[in-house]
Amino acid sequence: MIVPSPTTVRQAAVIVALEGAALLAVALTLVVRHLAGVKDQPWLSGYGTAAWFAIMGSGVLAAGWALWTGRRWGRGVAVFAQLLLLPVAYYMGVGSQQWAYAIPVALVAVATLALLFSPSTLQWLAAQDASSASADNSGPDTR
């Protein structure tokens, strides 16, 4: 049984879905650049990078959809994606001195993590655990 998701989960779902869409846009941009003749890297590397972004973007977009539709498996993927964004933001800021990009990326990741670990989200997860536990025990006791 799917328990309706709270506002915090839906807000996180929107952010996560936008992150997935951004990754897919990067993949499309890399393919278009390569097809347009920009040869700053070998063709396999360019298409391989685009494929990586497409796969990751699809997974993150699916996690956003799962959260929006009340499926808790999307939360694990979303949390993992946000935890991966934090070192990316650190590298952008400290390693590349691109603070204009690093700070917003870090803030979005932290805000999304706050939504995914908010009390209402945790209560939603607990309610789903309780409903699945009662459904699991609906059959006869075979001990």
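Residues numbered from 1 in each chain as written. Predicted model: local features only at pLDDT ≥ 70, side-chain atom pairs only at ≥ 80, totals over all residues. Heavy atoms only, no water.

Asker: Provide a residue-level description of the layout of surface pockets, including the pertinent values.
Answerer: Of the volumes computed, that of the largest pocket is approximately 680 Å³. Considering the residues around the largest pocket, the lining is formed by 20 residues, among which E19, L23, A81, L85 and V88 are closest to the centre. For the lining of the largest pocket, the elements supplying multiple residues, two or more each, are α1 (7-35), α2 (43-68), α3 (73-95) and α4 (99-116). Among the elements that make up the lining of the largest pocket, the one with the highest residue count is α3 (seven residues). Its residues assigned to classes, the lining of the largest pocket comprises 18 nonpolar, one polar and one charged. (1 Å grid on protein atoms, 1.4 Å probe; cavity = no way out; pocket = protein on both sides within 12 Å on 5 of 7 lines; lining within 4 Å. Points joined across faces, edges and corners; volume = space filled by probe spheres on them. Helix = DSSP H or I, 4+ residues; strand = E, 2+ residues; numbered from the N terminus. Nonpolar A, V, L, I, M, F, W, Y, C, P; charged D, E, K, R; others polar.)

Asker: Requested: an account of the environment of V105, with residues and values cited.
Answerer: Here V105 lies in helix α4. Overall, V105 belongs to the partly exposed group, its relative accessible area being 24%. The spatial distance from the C-alpha of V105 to the C-alpha of A89 is 5.9 Å, given a sequence separation of 16 residues. (Buried < 20%, exposed > 50% of the residue type's maximum accessible area, 1.4 Å probe, protein only.)

Asker: Give me the lowdown on the packing of aromatic side chains, citing residues and values where you can.
Answerer: Tallied over the entire structure, the rule returns one aromatic pair. Measuring from centroid to centroid gives 5.1 Å for W52 and F53, while their planes differ by 90°, and the two rings are edge-to-face. The partly exposed category is assigned to W52, whose relative accessible area is 48%. Over the ring of W68 we find R10, and its NZ or CZ is 4.4 Å from the ring centre. For the cation-ring pair, R75 lies above F117, with the distance from its terminal atom to the ring centre recorded as 4.4 Å. (Phe/Tyr/Trp six-rings, centres within 6.5 Å; stacked < 30°, edge-to-face > 60°. Lys NZ or Arg CZ within 6 Å of the ring centre and 35° of its normal.)

Asker: Describe α1, listing the residues and the values that go with them.
Answerer: Here α1 contains 29 residues, and its C-alpha end-to-end distance of 42 Å stays within 8% of the 42 Å for a straight helix at 1.5 Å per residue. Listed as buried for α1 are T8, V9, A12, A13, V16, E19, G20, A27, L30 and H34. Phi turns positive one or two residues past the end of α1, at G37, with a value near 105°. (Expected span 1.5 Å × (residues − 1).)

Asker: Can you tell me about the side chain of T8, naming the residues and giving the values?
Answerer: Among the structural elements, T8 can be located in helix α1. Here S120 takes part through its side chain, which lies 2.9 Å from a polar atom of the side chain of T8. Other than its neighbours up to four places away in sequence, T8 contacts L115, S118, S120 and T121. (Polar contact = N/O pair within 3.5 Å; in protein donor to acceptor, adjacent residues only side chain to side chain. Contact = heavy atoms within 4.5 Å.)

Asker: Tell me what's going on with the confidence of the model for the protein, and back it up with residues and numbers.
Answerer: In this model, the protein carries a mean pLDDT of 88, and residues with pLDDT of at least 70 account for 87%. α4 holds the highest mean pLDDT among the elements of the protein, 96, whereas helix α5 (residues 119-136) holds the lowest, 78. (pLDDT = per-residue confidence, 0-100.)

Asker: Describe the packing of α1 against α4, and please don't skip the residues or the numbers.
Answerer: One way to put it is that α1 packs onto α4 with a least axis distance of 8 Å and a crossing angle of 145°. Seen along the crossing, α1 lies across α4 with a hand that is left-handed. Residues T8, Q11, A12, I15, V16 and E19 of α1 pack against V108, T112, L115 and L116 of α4. Of the residues contributing to the contact of α1 with α4, the split by class is six nonpolar, three polar and one charged. (Axes fitted to C-alpha atoms, helices over the stretch in contact; angles between N-to-C directions. Left-handed = near helix turned anticlockwise from the far one by under 90°.)

Asker: Just give me the short version of the side chain of T121, but keep the residues and values in it.
Answerer: Assignment of secondary structure puts T121 in helix α5. A distance of 3.0 Å separates the side chain of T121 from the side chain of S118, its partner in a polar contact. Setting aside residues up to four positions removed in sequence, T121 forms contacts with P6, T8, V9, R75, L115 and L116.

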